Amino acid sequence: MLTALYVMIGLALLLGIVLGYSALKFKVEGDPLVARIDAILPQTQCGQCGYPGCKPYATAIAKGEADINQCPPGGDAGVHALADLLGVEYKPLNAEHGLPKPKSVAVIDENVCIGCTLCIQACPVDAILGAAKHMHTVIASECTGCELCVAPCPVDCISMEPIAESPANWKWRYPVFEIKPESTVTKKSAV
Amino acid sequence: MNAIVNISRLLKSKLARTGLSSFKGGVHPPQHKLESTTSPIRSVTLPKHLVLPLRQHVGNVSKLQVAAGDHVLKGQLLAKADGQVSAAVHAPTSGVIASIGNQLIPHPSGLPDISITLEADGRDQWIEHQALDYLSMSKPELLDHLREAGVVGLGGATFPSHIKLREDARHPVRTLIINGAECEPYISCDDMLMRERADEIVRGIEIMRYLLDAEVCAIGIEDNKPEAIQAMREAVAKSAIAIDVIAVPTIYPGGGAKQLIKVITGKEVPSGRLPTEIGVQCFNVATAYSVHRVVNHGEPVISRIVTVTGNVARPGNYEALLGMSISELVQLAGGRAEDGDLVMGGPMMGFNLPSAAVPVVKATNCIIVPSAEMFPQPEPALPCIRCTRCADVCPVNLQPQELYWFSKSQNLEKASEYNIFDCIECGCCTYVCPSNIPLVQYYRYAKSEIIAQDRAKEAADIARERNEFRLMRIEREKQERAQKHAQKAAGAKAEAGGDSAAEAAKKAAIAAAVERAKAQKAEVVAKNTEEVSPRVEAEIAKIEARRAQKPELSGQPEQTELFAEKQEPAVTSAVEQMDGTQLLSKEKQPTEEAK
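**Brief notes about the overall build of chain B**
Then, in step 1: Per the secondary structure count, chain B includes 19 helices and 17 strands.
Then, in step 2: The 595 residues of chain B split such that 39% are buried.
Then, in step 3: Sequence-distant contacts, at least 24 apart, represent 73% of the contacts inside chain B between residues at least 6 apart.

Here it is in structure tokens:
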């Protein structure tokens, strides 16, 4: 009877120590939920959700301050993924925050650019190259298409151009084919 | 070298002794090879107009080396390989570069891509070229030559060969397999090449074996090509190295690299791995032939054998220049190019060409001119009845019916979990499906969708990193600025509070300056005031009295004093409040006043 008690107390102590140690040793830094939401977001950093970037929006979702349907670049698939992750009902994109657009990149008309650096300051991913009073240009491969550089330009020399389909980024289409009408099927099987 | 040869001889026919394995699945579609193998390989008349896409291979687009208007010679480099996974493009004949721009290319997308248009001058003049003494060269040097000569896998995958021929210390290649199986119906370009140019192929294999230092070397040929097997056996007998010619059973897709490796070596390439990881490397016979042309003749890849078959009067194989129009080739074979959609590749894995005007590229192994009887309209698809016939014939042990459901419902995660990327798109499942479901179409769709998603994910990760770095940079700059201001402010305070002697000296200097100005003013007297009439004197006195009444009109010294008195407390208080940059300009103020 007493032995059993000792064994149980011993076990409890041992497990307690192990748990206490692992709580310290394997402590997770930061909020893993925010990181997981952030991983779903498209990282356009466009601010259409009303937050100054994807991470702040992810933080707001995690806190329950923001809804999951405020990210137009993420599209419907993004809302579905967020709904799956958070275990909430899917809801269609909120049109107040904009509509999904085909992915574009900013293009600077280099003949018009006056070198004011305003777009460089606006770019959330440092994808614009240039210096004061010198022509600027967009590093197309780094541009997320957030459109934040368009508004500050005093000479309106930045335009958004949709990424054209080329053999390099072309995708096979979802196969669409004719399904045999019900009537012919039954006729054939009857024959 | 001799020792290697001896070891190879010892190992000779070791593969044959062990017997052949087989892979699971496969189908036996009608061959249709006889039509195009009755006549020898024909050469083509020199085309006037050639279009050379810069994307003829797997990897980076080649880098342009010429401009429109340039005259080029046959075999001259037009675009060089950009990076390791890339291949060069050469001029197939001499002529003038007419233009460089987007042209339709043979690609299932039907989209145009950057290409060089070459107008032939008809002289067909070679650039200076010579054979390489490869045994005296270092292997990396020889590989560079292959890269510069544009050698890619000519079986259809067009992967740059110099990468596959690189020795890898982690995975030494023991077995070199040359693929002459050519399992797909209608295609016979490798068959004819082996029949007619067996010796040249063997020369190429010798170079490949030398590069890879392989112990065993075997050529796998399906047993429906007895002439090719005979020709290769005769050529191999003359070679200094031991090469096995193995007749493999005819079954589609026995010519798939992983399938042929399984049949010949009995080893299975694990899912998602490369053949090199089990010590095997596999090349097409046409690739071996082009390696021979590059090394022993110094000729880059500018032509290839193309089978033109189907609804044509003279089906057969043509040695076509890269870049010549496919419609021209079809006309040579006595077919009408506008006869519906031409098929590039075989009937199982090929695709419909967007137009007959597209050029021959390195991947063009076969052109089929279809007729309504040959490829009748597919029966309308019926729902899947879960018969799993597709699973029975799948040569890579997948569950095609599951993949179909996942792809159809766009459950891409599940599709990749079921190894959709192992699918070689051979079309066996579609071939046997009793419901006529275009299964491969679904897999192609799912695969390209997954690839696009992965790319987007990668781009998002980079964007996140760049955004985080930017925020960090802004924060750091802010801190640095704050620190600088704090330092400056502290320094100014120390100067203002601690050094009162300097401050007093400054004040004294100002006061002295004011005194000097007063004295100067006093000295200056109007010269024309002497010897004037009493009336004028009285007038001057009146004016002076008026001036004295209005302080703003009174003399300079008073004004200076006024400023000095009012300004000084303000300056000192400003010094206490101001931060660095403003301080600089304010500091000048007292000295200016002093002047």
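**A short note on the overall build of chain A**
Then, in step 1: Helix and strand content of chain A: six helices and four strands.
Then, in step 2: In sequence order, chain A lays out its α and β elements as α-α-α-α-β-α-β-β-β-α.
Then, in step 3: Against the compact-globule benchmark of 16 Å for 191 residues, chain A has a radius of gyration of 27 Å, which places it well outside the compact range.
Then, in step 4: In terms of principal-axis extent, the alpha carbons of chain A reach across some 90 × 80 × 35 Å.
Then, in step 5: Scored against the burial criterion, the 191 residues of chain A give a buried share of 23%.
Then, in step 6: Long-range pairs, those at least 24 residues apart, make up 57% of the contacts in chain A with a sequence separation of at least 6.

**Describing the pairing of strand 14 (residues 316-321) of chain B**
All names here are of chain B.
Then, in step 1: Taking burial as the measure, the six residues of strand 14 include five buried ones, the bulk of the element.
Then, in step 2: Of the pairings in the sheet, the one linking strand 13 (residues 303-310) to strand 14 comprises six bridges and is antiparallel in character. Across the sheet, Arg304 pairs through a bridge with Ala320, a residue of strand 14.

**A word on the domain arrangement of chain A**
Residue and element names in this part refer to chain A.
Then, in step 1: Domain assignment breaks chain A into domain 1 (32-97) and domain 2 (101-164).
Then, in step 2: Using only C-alpha atoms to locate each centre, domain 1 and domain 2 end up separated by 25 Å.
Then, in step 3: Opposite the six residues of domain 1 that make contact, domain 2 presents seven residues.
Then, in step 4: Considering only residue class, the side of domain 1 that touches domain 2 consists of one nonpolar, five polar and no charged.

**Some thoughts on the nonpolar core**
Then, in step 1: If you look at the biggest cluster of nonpolar residues, it comprises 130 residues, and the most contacted ones within it are B:Met208, B:Met232, B:Val306, B:Leu329, B:Val330 and B:Ile367.
Then, in step 2: For this core, the element with the highest residue contribution is helix 6 (residues 198-212) of chain B, accounting for eight residues.
Then, in step 3: When neighbours within four sequence positions are excluded, B:Met232 is seen to be in contact with B:Met194, B:Ala198, B:Ile219, B:Ile221 and B:Val245.
Then, in step 4: Formed by 17 residues, the second largest nonpolar core is a distinct cluster that contains A:Ala106, A:Ile108, A:Cys119 and A:Leu148.

**Quick notes on the interface of chain B and chain A**
Then, in step 1: The partner chain A presents 22 residues to the 23 residues of chain B that form the contact.
Then, in step 2: Each residue belonging to the side of chain B that touches chain A can be placed in one class, and the counts come to 11 nonpolar, five polar and seven charged.

**Digging into the packing of helix 5 (residues 189-196) of chain B against helix 7 (residues 226-237) of chain B**
All names here are of chain B.
Then, in step 1: Orientation of helix 5 relative to helix 7, taken along the N-to-C sense of each, is 40°, at an axis distance of 8 Å. When the interaxial angle is binned, helix 5 and helix 7 end up oblique. Relative to helix 7, the crossing made by helix 5 is left-handed. Between helix 5 and helix 7, the residues in contact are Asp191, Met194 and Arg195 and Glu227, Ala228, Ala231 and Met232, respectively.
Then, in step 2: Partitioning the contact of helix 5 with helix 7 into residue classes produces four nonpolar, no polar and three charged.

**Section: helix 2 (residues 32-40) of chain A**
All names here are of chain A.
Then, in step 1: Residues of helix 2 that are buried: Ile37, Asp38 and Ile40. Along helix 2, the residues classed as buried sweep out an arc of 155° about the axis, all on the same side.
Then, in step 2: Where helix 2 is buried, its residues touch helix 3 (54-63) and helix 4 (75-86).

**With respect to the confidence of the model for chain B**
All names here are of chain B.
Then, in step 1: With 87% of its residues at a pLDDT of at least 70, chain B reaches an overall mean of 86.
Then, in step 2: Residue range residues 1-17 is modelled with pLDDT below 50. Its contacts to residues more than four positions away, or to other chains, number 21 contacts.
Then, in step 3: Low pLDDT, under 50, characterises residues 554-595; the predicted model gives this stretch 44 contacts beyond four residues in sequence or across chains.
Then, in step 4: Both confidence scores are given for the complex: pTM 0.77, ipTM 0.82.

**Some details on the sheet that holds strand 5 (residues 77-80) of chain B**
Residues and elements named next belong to chain B.
Then, in step 1: Read across the sheet, three strands follow the order 3-5-6 without closing on themselves; strand pairing throughout is antiparallel. Both edges of this open sheet fall to strand 3 (63-64) and strand 6 (89-90), since each of them pairs with a single strand only.
Then, in step 2: Bridge analysis of strand 3 against strand 5 gives two bridges, and the strand direction is antiparallel. Considered in strand 5, the bridge of Lys63 is made with Lys80.

**Section: the sheet that holds strand 9 (residues 175-179) of chain B**
The strands making up a sheet are joined through hydrogen bonds of the backbone, oriented either antiparallel or parallel.
Residue and element names in this part refer to chain B.
Then, in step 1: Spatial ordering of the open sheet is given by 11-10-9-12, a layout of four strands whose pairing is parallel. Sheet topology places strand 11 (244-248) and strand 12 (280-284) at the edges, where each strand pairs with a single neighbour. Neighbour-to-neighbour, the strand axes of this sheet turn through a mean angle of 25°, independent of strand direction.
Then, in step 2: Summarising the sheet, strand 9 and strand 12 pair through five bridges and their orientation is parallel. Note that in strand 12 the partner of Ile178 across the bridge is Phe283.
Then, in step 3: Sitting on the sheet, helix 7 is in contact with strand 10 (216-222) and strand 11, with an inclination near 165° to strand 11.
Then, in step 4: Lying on the sheet, helix 9 (residues 285-297) is in contact with strand 9 and strand 12; it crosses strand 12 at an angle near 80°.

**Describing the environment of A:Val155**
All names here are of chain A.
Then, in step 1: Within the element layout of this structure, Val155 appears in the loop between strand 3 (137-138) and strand 4 (158-162).
Then, in step 2: With 11 C-beta atoms packed within 10 Å, Val155 lands in the exposed category.
Then, in step 3: Counting along the chain gives 20 residues from Val155 to Pro175, while the straight-line C-alpha distance between them is 46 Å.
Then, in step 4: Apart from residues lying up to four places away in sequence, Val155 is in contact with Val112 and Ile114.

**Some details on the confidence of the model for chain A**
Then, in step 1: Model confidence for chain A is summarised by a mean pLDDT of 88, while 92% of its residues fall at 70 or above.
Then, in step 2: For residues 185-191 of chain A, every residue scores under 50 in pLDDT, and the model assigns this stretch one contact once sequence neighbours within four places are set aside.

**Regarding unusual backbone geometry**
Then, in step 1: At the junction of B:Tyr252 and B:Pro253, the peptide bond is cis and its omega measures out at 0° in the coordinates.
Then, in step 2: Inspection of the secondary structure puts B:Pro253 in the loop between strand 11 and helix 8 (257-265).

**What to know about the domain arrangement of chain B**
Many structure descriptions define interface size as the accessible area lost when the parts assemble.
Residue and element names in this part refer to chain B.
Then, in step 1: Along its sequence, chain B is carved into domain 1 (2-369), domain 2 (378-473) and domain 3 (499-594).
Then, in step 2: Here the C-alpha centre of domain 2 lies 28 Å away from the C-alpha centre of domain 1.
Then, in step 3: Each partner contributes to the interface: domain 1 provides 14 residues, whereas domain 2 provides 15 residues.
Then, in step 4: Each residue belonging to the side of domain 1 that touches domain 2 can be placed in one class, and the counts come to seven nonpolar, six polar and one charged.

Calculation criteria
The residue count restarts for each chain, going from 1 along the sequence in the order it is written. Written order determines the labels here, with chains lettered from A and ligands numbered from 1. Totals for whole chains, interfaces and linings use all residues, but because this is a predicted model, local features are given only for residues with pLDDT of at least 70 and pairs of side-chain atoms are given and counted only at 80 or more. Think of it this way: any DSSP run of H or I at least four residues long counts as a helix, any run of E at least two long counts as a strand, and we number them from the N terminus. Around each residue's C-beta, the other C-beta atoms within 10 Å are counted; 20 or more make the residue buried, 12 or fewer make it exposed, and counts in between make it partly exposed. All C-beta atoms are placed from the backbone. Working definition of a contact: two residues with C-beta atoms, positioned from the backbone, lying within 7 Å. Radius of gyration means the value over C-alpha atoms here, while the globule rule gives 2.2 Å times the residue count to the 0.38 power. In this scheme, strands are said to pair when DSSP sees at least two bridges between them. Start and end positions for the domains come from either an automated domain assignment or a database one. Under this grouping Gly is polar, as are all residues other than the nonpolar Ala, Val, Leu, Ile, Met, Phe, Trp, Tyr, Cys and Pro and the charged Asp, Glu, Lys and Arg. Any nonpolar core is a set of buried residues, restricted to Ala, Val, Leu, Ile, Met, Phe, Trp, Tyr and Cys, that join up through C-beta atoms within 7 Å. To define axes, lines are fitted to C-alpha atoms, for helices over the stretch in contact only, and angles between the resulting N-to-C directions are given on a 0 to 180 degree scale. Working rule for angles: under 35 degrees goes down as roughly parallel, over 145 as roughly antiparallel, 65 to 115 as roughly perpendicular, anything else as oblique. The sense of a crossing depends on the near helix, which, turned anticlockwise from the far helix by less than a right angle, makes the crossing left-handed and, turned clockwise, makes it right-handed. The arc in question is traced by the directions running from the helix axis to the C-beta atoms. Residue-level confidence of the predictor, termed pLDDT, takes values from 0 up to 100.

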